Amino acid sequence: MDAVTYPQHEVIEFVNQAVIPLRVAYNTEPLATNFNLKWTPTLIVLDPDGKEHNRTVGFISPEQLIPSLLLGIAKVHFDRDMFSEALANLETLLLKYPKSDAAPEAIFFRGVVKYKATHDAKPLKQAYELLDANFPGAEWTKRAYPYRLLP
Amino acid sequence: MDMKIQWETNMDKALARAKAENKPVFLDFFHAL
């Protein structure tokens, strides 16, 4: 991460602007125990109360880190019922990084967020159709499979 | 433009900033090789 991902200007700008970056060694206690740390790098997105909302383990390239963080930020908002904020981050992710590794999950959660905000089931079915067209066989396409039956 | 990520190194300080700036925290557990 230090050699490849963190020196990239786009990554620096995004991280400094969008989140509070916190870096600790793998053996820092009590954090390592509290977060059940088992491998590095482990990257976690927390809300301002310190509650975990998203976690990745292993190296992430510069091209994938920003969409991964956007997804994590969206999950922070989603889990706190802040649907418009969650949707804004998911839309940014899908507009700027539509082919990223985080995109299928973002499409899934965009459908869920829209449903939670409106109780209209169409966005769930649209999420499945978009996933099936662009990411056939992907994990999040399979998870959305039941939504194909919605009216 | 900042030329590097401005890492915090203390959880309490990071959470205080997160609340003040209304931003999530990006926590990186690292192992220096």
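Structure shown above.
The model shown is predicted, which means the values in this text are computed figures rather than measured ones.

(A) A look at the sheet that holds strand E1 (residues 20-25) of chain A. Reading across from one edge, E1(A)-E1(B)-E2(A)-E3(A) is the order of the 4 strands in this open sheet, with mixed pairing throughout. Strands at the two margins of the open sheet, each flanked by one partner only, are E1 and strand E3 (52-57) of chain A. If you compare each strand with its neighbour and ignore which way they point, the axes differ by 20° on average. In this structure, E1 of chain A lies alongside strand E1 (residues 25-30) of chain B, joined through 6 bridges in parallel fashion. Looking across to E1 of chain B, one finds that Ala25 of chain A is bridged to Phe30 of chain B.

(B) Highlighting the pairing of E1 of chain B. Most of E1 of chain B is tucked away, with 5 of its 6 residues classed as buried. Two elements, strand E2 (residues 42-46) of chain A and E1 of chain B, share 5 bridges in a ladder whose sense is antiparallel. Bridging across to E1 of chain B, Leu43 of chain A finds its partner in Asp28 of chain B.

(C) Examining the side chain of Lys75 of chain A more closely. Residue and element names in this part refer to chain A. Within the fold, Lys75 resides in helix H3 (residues 62-79). For Lys75, the side chain forms a polar contact with the side chain of Asn54, separated by 2.9 Å. Among all residues touching Lys75, those that are not within four sequence positions of it are His53, Asn54, Glu105 and Phe109.

Thresholds applied
Residues numbered from 1 in each chain as written. Chains lettered and ligands numbered in written order. Predicted model: local features only at pLDDT ≥ 70, side-chain atom pairs only at ≥ 80, totals over all residues. Heavy atoms only, no water. Pairing = 2+ DSSP bridges. Helix = DSSP H or I, 4+ residues; strand = E, 2+ residues; numbered from the N terminus. Axes fitted to C-alpha atoms, helices over the stretch in contact; angles between N-to-C directions. Buried < 20%, exposed > 50% of the residue type's maximum accessible area, 1.4 Å probe, protein only. Polar contact = N/O pair within 3.5 Å; in protein donor to acceptor, adjacent residues only side chain to side chain. Contact = heavy atoms within 4.5 Å.

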